[in-house]
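Inside the fold
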Amino acid sequence: MKHQEALLTLTLRLGDNPLVLGHRLGEWCSKAPILEEDLALTNMALDMIGRAEVLLRYAALIEGKNHTEDDLAYKRGERKFYNHLIVEQPNGNFAFTIARQLYVSLYEFLYYSELMNSKDETLSAIAHKAIKEIKYHLKHASDWTIRLGDGTDERHHKMQEAINELWMFTGELFESDEVDEQMSELGIAPYPADLIGKWKTELIDILSEAKLSLPEESYMQTGSRNGIHTEYLGYILADMQYLQRAYPNAKW
Amino acid sequence: MENIDHQKVFDAKIEQDANIEAKDWMPEDYRKHLIRQISQQAHSEVIGMQPEGNWITRAPSLRAKKILLAKIQDEGGHGLYLYSAAETLGIGRDELIKQLHDGNAKYSNIFNYPSLTWADIGAIGWLVDGAAIVNQVSLQRTSYGPYSRAMVRICKEESFHQRQGYEIMANMMAGTADQQEMAQDAMNRWWWPALMMFGPHDTDSPHTGNAFKWKIKRQSNDHLRQKFIDKTVQQAEVIGLKIPDNQLKWNEEKKCYDHGEINWNEFYEVINGNGPCNRQRLNNHIKAHEEGEWVRKAASAYAIKQKSTVSQ
């Protein structure tokens, strides 16, 4: 695979994740259990959209077709999106969103900690900024996991259920293909499969403090590295891309 | 006897334009009036997140989405300052929310109108926040200290919101025919409700008397409304938007615009629960509050547990 093509694929993957997760977190507006959490969740949405914006801008530059970050966000079809399946899953109840945040933020914390050392200066700079936000996201998610897990039966049960339900989407975070191989060999990005050990160890720490159990090993969902998604992504894009698609010549 | 002295001190402070602070003695009616007004404003900030939140997922560019998210967060933050200001008067947020859900506390009528197109996000920022600012600037000099200080902070952010709203409208008016139509349509739908935000005419405003005496309110509804109209008409003209009022005319003698009569029947119907979104807005708030109860309980139970672990 050509270097440029691999770098583009990597950057799109990195950009699509916060774009889609930012969309989901934004859906919490006016629906959170308390005003402070409404602000926290939409603030994280804002972090995510900001990160997506710089990454997709970089992707457009690598692609070299005079596209903008908005063209990539708003005019690509669902088979050309490369976000992990976990980020497109619906918000569910608060515990479900927290579980999704926990899995993703912990992964991102490990991934972006290494991406800071990327030999690609742009990715390294983006990672330096993102890591500060990710640390906060991870703290937010682990604090809530502990609060909900280490509580009465009802709360504990809801949190455990969310942890279990989303488990099948975590394997995909560590999938590594030719692109990852090439990028990690050049010192541009970490090799996702290498992060699984640390991720599990840290996850077990948080879960045990929350008196929750690590789900049993089971079959893992896959597909996003090839642009194959759950049915949810199509609706997310229909929503997100509506104005750009309905008024293709308009500038906003 | 003691009460009379307190009253004198209070009156003197008001007379001298000094702030009343949370620990100061104040007449019960002053306290009640403030709680009613501040909580209404806090609820307005929070309910106002709904029509704007309606467009977060559909914002037409990443930049627009970021601005909208940031703006809505500001509004929620204003709600928090205002709930805190109300709390200094001896009432908790839970009680204030209960009053909202019971229908005993109101929020601004404007948020009972739907946000139908992206241009509505422009119109809300420009017209609704624009009208709110005129009112809030005046409230920076309100007599209750915590309220006045909250208003100073809020005004800084609101003027930024108004510029953002205007920018959306200006971009659309400089855009395609579809966009121009969308912008004018939003203008047509939001103009009159924005004028209603200032409340009834001075002659029909039930709370005005004491509010003026106590310097909670510094300028009248009609005065503030006129100020809003005069600054907004020009802004509309600059970008080519028409004000949907055939009777709008510059009055050379008075040096201000004369305008057509507001539909007060609609105003009272919406206040009394018959606006297009009253039920939807309140039900959303109640639903989120009820669904979140287990989470709030979990947080407070955990906090208690932590405290007892620390004290052991």
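This part is about the overall build of chain B. Scanning chain B from N- to C-terminus turns up 13 helices and two strands. Here the C-alpha radius of gyration of chain B, 21 Å, is about what a compact globule of 312 residues would show, namely 20 Å. Expressed as lengths along the three principal axes of its C-alpha atoms, the size of chain B is roughly 70 × 50 × 35 Å. A burial count over chain B gives 55% of its 312 residues as buried. Taken as a whole, chain B presents about 14400 Å² of accessible surface, with 51% of it coming from carbon and sulfur.

This next bit is on the packing of aromatic side chains. The full count for this structure, using the stated rule, is 22 aromatic pairs over all chains. Look at Trp-28 of chain A and Phe-94 of chain A: their rings are 6.0 Å apart centre to centre, the planes differ by 85 degrees, and that puts the pair in the edge-to-face class. One end of the pair, Trp-28 of chain A, is in the loop between α1 (3–26) and α2 (35–63); the other, Phe-94 of chain A, is in helix α5 (residues 94–115), with 66 residues separating them in the sequence. Relative to Phe-267 of chain B, the ring of Trp-264 of chain B lies with its centre 5.2 Å away and its plane at 90 degrees, an arrangement referred to as edge-to-face. Of this pair, Trp-264 of chain B and Phe-267 of chain B both sit in helix α11 (residues 264–274), separated by three residues, roughly a single helical turn. By the burial criterion, Trp-264 of chain B is buried, and Phe-267 of chain B matches it. Its guanidinium or amino end placed over the ring of Phe-81 of chain A, Arg-76 of chain A lies 4.2 Å from that ring's centre, counting from NZ or CZ.

Residues and elements named next belong to chain A. Under the counting rule described, the total for this entry stands at 34 salt bridges over all chains. A salt bridge links Lys-211 to Asp-150; its shortest N-O distance comes to 3.5 Å. Placement of Lys-211 in the loop between α9 (196–209) and α10 (232–240) and of Asp-150 in the loop between α6 (121–149) and α7 (153–166) is noted, with a sequence separation of 61 residues between them. For Lys-211, a relative accessible area of 53% puts it in the exposed group. Exposure remark for Asp-150: the relative accessible area of 13% places this residue in the buried category. Linking Glu-154 and Lys-158 is a salt bridge whose minimum nitrogen-to-oxygen distance equals 3.0 Å. Of this pair, Glu-154 and Lys-158 both sit in helix α7, four residues apart, which is roughly one turn of the helix. Overlapping salt bridges bring together Arg-13, Asp-177, Asp-180 and Arg-225 as one network.

Moving on to the confidence of the model for chain B. Scored by pLDDT, chain B has a mean of 94; 97% of the residues are at 70 or more. Predicted as a complex, the structure gets a pTM of 0.96 and an ipTM equal to 0.97.

Moving on: the nonpolar core. The biggest cluster of nonpolar side chains holds 174 residues, and the ones touching the most others in it are Leu-10, Tyr-112 and Trp-199 of chain A together with Trp-118 of chain B. Looking at which element gives the most residues to this core, the answer is α2 of chain A, with 15 residues. Residues contacting Tyr-112 of chain A, with those up to four places away along its chain left out, are Leu-14, Arg-51, Leu-55, Ala-127, Ala-130, Ile-131 and Ile-134 of chain A.

Let's shift gears to the side chain of Ser-138 of chain B. Residues and elements named next belong to chain B. Residue position: Ser-138 is located in helix α6 (residues 118–139). Reaching out from Ser-138, the side chain makes a polar contact with the side chain of Gln-219 at a distance of 3.2 Å. With residues up to four places along the chain from it excluded, the contact list for Ser-138 reads Arg-218, Gln-219 and Leu-224.

Rules and cut-offs
- Residues numbered from 1 in each chain as written.
- Chains lettered and ligands numbered in written order.
- Predicted model: local features only at pLDDT ≥ 70, side-chain atom pairs only at ≥ 80, totals over all residues.
- Heavy atoms only, no water.
- Helix = DSSP H or I, 4+ residues; strand = E, 2+ residues; numbered from the N terminus.
- Rg over C-alpha atoms; globule rule 2.2 N^0.38 Å.
- Buried < 20%, exposed > 50% of the residue type's maximum accessible area, 1.4 Å probe, protein only.
- Areas by Shrake-Rupley, 256 points an atom, 1.4 Å probe, with all protein chains shown as cover.
- Phe/Tyr/Trp six-rings, centres within 6.5 Å; stacked < 30°, edge-to-face > 60°.
- Lys NZ or Arg CZ within 6 Å of the ring centre and 35° of its normal.
- Salt bridge = Lys/Arg side-chain N within 4 Å of Asp/Glu carboxyl O.
- pLDDT = per-residue confidence, 0-100.
- Core = buried A, V, L, I, M, F, W, Y, C linked by side-chain atoms within 4.5 Å.
- Contact = heavy atoms within 4.5 Å.
- Polar contact = N/O pair within 3.5 Å; in protein donor to acceptor, adjacent residues only side chain to side chain.

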